[in-house]
Amino acid sequence: MLAETGTPLAIETHQLRKTYRKVLGRRTVAVTGLDLRVPAGGVHGFLGPNGSGKTTTIRMLLGLIRADSGTMSVLGQPVPRRLPAVVNRVGAIVEQPKFYPHFSARENLIQLAGAIGAPRSKVDAVLEAVRLRERAGDKYRTFSLGMKQRLAIAATLLKDPDLLIFDEPTNGLDPAGIREIRETMRSLATQGKTVLVSSHILAEVEHVADTVSIIGRGTLLAEGRVRDLIASRGVAEVRVGLPEAALPQGLAVLQSAGFAVRSQESQLRVSGRVDAAAVDAAAVNRVLAQAGLYAHHLVSERAGLEQIFLELTAGETPGGQADPPSSSSSSSSTPISPTPSSESPTEGQVR
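On to the overall build of the protein, then. The helix and strand inventory of the protein stands at eleven helices and 14 strands. Buried residues in the protein amount to 46% of all 351 residues. Counting only contacts in the protein whose residues sit at least 6 apart along the sequence, the fraction spanning at least 24 positions is 71%. Per element, the accessible surface of the protein, about 16100 Å² overall, is 49% carbon and sulfur.

Attention now goes to the environment of Gly63. You can see Gly63 is positioned in the loop between helix H1 (54-61) and strand E4 (69-74). On a C-alpha basis, the gap between Gly63 and Val79 in space is 7.3 Å, while along the polypeptide they are 16 residues apart.

Now for the nonpolar core. Counting residues in hydrophobic clusters, the biggest one holds 48 residues, and the most contacted among them are Leu109 and Leu151. Residue contacts for Leu151: discarding those within four places in its chain leaves Phe99, Ala105, Leu109, Leu127, Leu132, Tyr140 and Phe143. Ranked by size, the runner-up nonpolar core spans 30 residues in total, among them Tyr20, Ala30, Leu61 and Leu64.

Taken together, the six strands give an open sheet; going across it, the order is E6-E7-E8-E3-E9-E10, and neighbouring strands pair in mixed fashion. Edge strands, defined here as strands with exactly one partner in the open sheet, are strand E6 (90-93) and strand E10 (219-225). Mean inter-strand twist for the sheet, computed between neighbouring axes without regard to direction, equals 15 degrees. As defined by bridge partners, strand E3 (residues 42-47) adjoins strand E9 (residues 211-216) across four bridges and the pair is classed as parallel. Note that in E9 the partner of Leu47 across the bridge is Ile214. The sheet strands contacting helix H6 (residues 175-190) are E3, strand E7 (163-167) and strand E8 (194-198), and the helix crosses E3 at an angle near 130 degrees.

What the four strands build is an open sheet, ordered E2-E1-E4-E5; its pairing is antiparallel. Unpaired on one side and paired on the other, strand E2 (27-39) and strand E5 (77-79) mark the two borders of the sheet. Each strand axis lies, on average, 25 degrees off the axis of its neighbour in the sheet, ignoring direction. One ladder, built from five bridges, connects strand E1 (residues 9-21) with E4; its direction is antiparallel. When the sheet's bridge partners are listed, Glu12 is paired in E4 with Ser73. Along the sheet face, H1 touches E1, E2, E4 and E5 and points at about 115 degrees away from the line of E1.

Across the interface, helix H5 (residues 145-157) lies against H6 with an axial gap of 8 Å and an inter-helix angle of 20 degrees. In terms of orientation, H5 and H6 fall into the roughly parallel class. The hand of the H5/H6 crossing is right-handed. On H6, the residues touching Gly146, Met147, Gln149, Arg150, Ile153 and Leu157 of H5 are Gly177, Glu180, Ile181, Thr184 and Leu188.

Here we take up the confidence of the model for the protein. Confidence along the protein averages 82 in pLDDT terms, with 83% of residues attaining 70 or more. Across residues 317-350, where pLDDT falls below 50, the model places 80 contacts with residues more than four positions away in sequence or in other chains.

It is worth spelling out the pairing of E4 at this point. Sheet topology note: the E4/E5 ladder contains three bridges and is antiparallel. Bridge pairing in E5 places Val74 opposite Gln77. Here E4 folds back onto E5, and the loop between the two strands holds two residues, one of which, Leu75, carries a positive phi near 55 degrees.

Taken as a whole and assessed by the stated rule, the structure comprises ten salt bridges. The salt bridge involving Asp160 is made with Lys193; its shortest N-O contact spans 2.9 Å. On the criterion of sequence distance, the pair formed by Asp160 in the loop between H5 and E7 and Lys193 in the loop between H6 and E8 is long-range, its members being 33 residues apart. The exposure class of Asp160 is partly exposed, given its relative accessible area of 44%.

Summed over all chains, the structure comprises three aromatic pairs. Between Tyr100 and Phe103 the ring centres are 4.2 Å apart and the planes differ by 45 degrees, which places this aromatic pair in the tilted class. Between the aromatic rings of Tyr140 and Phe143, the centroid separation amounts to 6.3 Å while the plane-to-plane angle is 50 degrees, which identifies the pairing as tilted. Considered together, Tyr140 and Phe143 belong to a single accessibility category, that of buried residues. Taken together, the aromatic side chains of Phe99, Tyr140 and Phe143 make up a single cluster linked through ring pairs. Lying over the aromatic face of Tyr20, Lys18 brings its terminal NZ or CZ to 5.3 Å of the ring centre. Over the ring of Tyr140 we find Lys148, and its NZ or CZ is 5.2 Å from the ring centre.

Rules used throughout
- Residues numbered from 1 in each chain as written.
- Predicted model: local features only at pLDDT ≥ 70, side-chain atom pairs only at ≥ 80, totals over all residues.
- Heavy atoms only, no water.
- Helix = DSSP H or I, 4+ residues; strand = E, 2+ residues; numbered from the N terminus.
- Buried < 20%, exposed > 50% of the residue type's maximum accessible area, 1.4 Å probe, protein only.
- Contact = heavy atoms within 4.5 Å.
- Areas by Shrake-Rupley, 256 points an atom, 1.4 Å probe, with all protein chains shown as cover.
- Core = buried A, V, L, I, M, F, W, Y, C linked by side-chain atoms within 4.5 Å.
- Pairing = 2+ DSSP bridges.
- Axes fitted to C-alpha atoms, helices over the stretch in contact; angles between N-to-C directions.
- Parallel < 35°, antiparallel > 145°, perpendicular 65-115°, else oblique.
- Left-handed = near helix turned anticlockwise from the far one by under 90°.
- pLDDT = per-residue confidence, 0-100.
- Salt bridge = Lys/Arg side-chain N within 4 Å of Asp/Glu carboxyl O.
- Phe/Tyr/Trp six-rings, centres within 6.5 Å; stacked < 30°, edge-to-face > 60°.
- Lys NZ or Arg CZ within 6 Å of the ring centre and 35° of its normal.

So, in structure tokens, the structure goes:
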């Protein structure tokens, strides 16, 4: 477990609980006894099915909604009681950010810097940090969705925060935009910052995250270093290369030995056997050799983060665990920067 590694924690919750009142007095449980630990430094993936309580947890950490019970700390300070002491060390994007469409990227950030008391000299530095320096003079309305997200990240960096919290930052992005956000998050981590990213794109999280927490129905299902979680699952599949003429015989031999095997792309893919939790490449090779079949390659493949996630959350449905939609009674009533009006730019929920 992360708490046992001795690594300082940027975020920690204990037995965190949140319910919402619904019609007819019924209550919906969104977060149930959540113990969350986010190590300081690096990228931490916060994963769970839709309605598992991710956004609700983030809103509680940021003081946008109040927990029913449990404790939380951010950067070593208990929240929400001591949130004012750390608010300037935290940057967050929890909704689609908005800026003046007819202002340039630089002009938008200059306006925002003035509103939050950040030095104007920071503007070019944060544009450089998200690789928008060359487009700083272009109007916001001309930006791609990925560039808009990077500008939102730049806005959070105006305060030079130690902790950044991004809720589904790659939603709606094309592959190029996703890669840009991934590279930006990794760059921030290399600068010593902590990045908590909530996402449903598991392959991307596997590439970018150092550690992860997986939740379901508002409670913790697994946590740890990504590489350790993957290694703990053992070999998920063995790819076997045989001469093409021998593939049918190899398939039959392995199936007769109790292996789950299929033919795909001129090779056999062995995913296990009925009497073992994981497939053993040596056993596969031995069975084939006993039948006079010799593989020209055997490649063991471990389960990826996506497969682990699907196994852990099998059967999880939003049910009564859905995060509520944004409303004036929750996140938008507690803006991070001065309350925006029709006359001023807004970060949405950019903190």
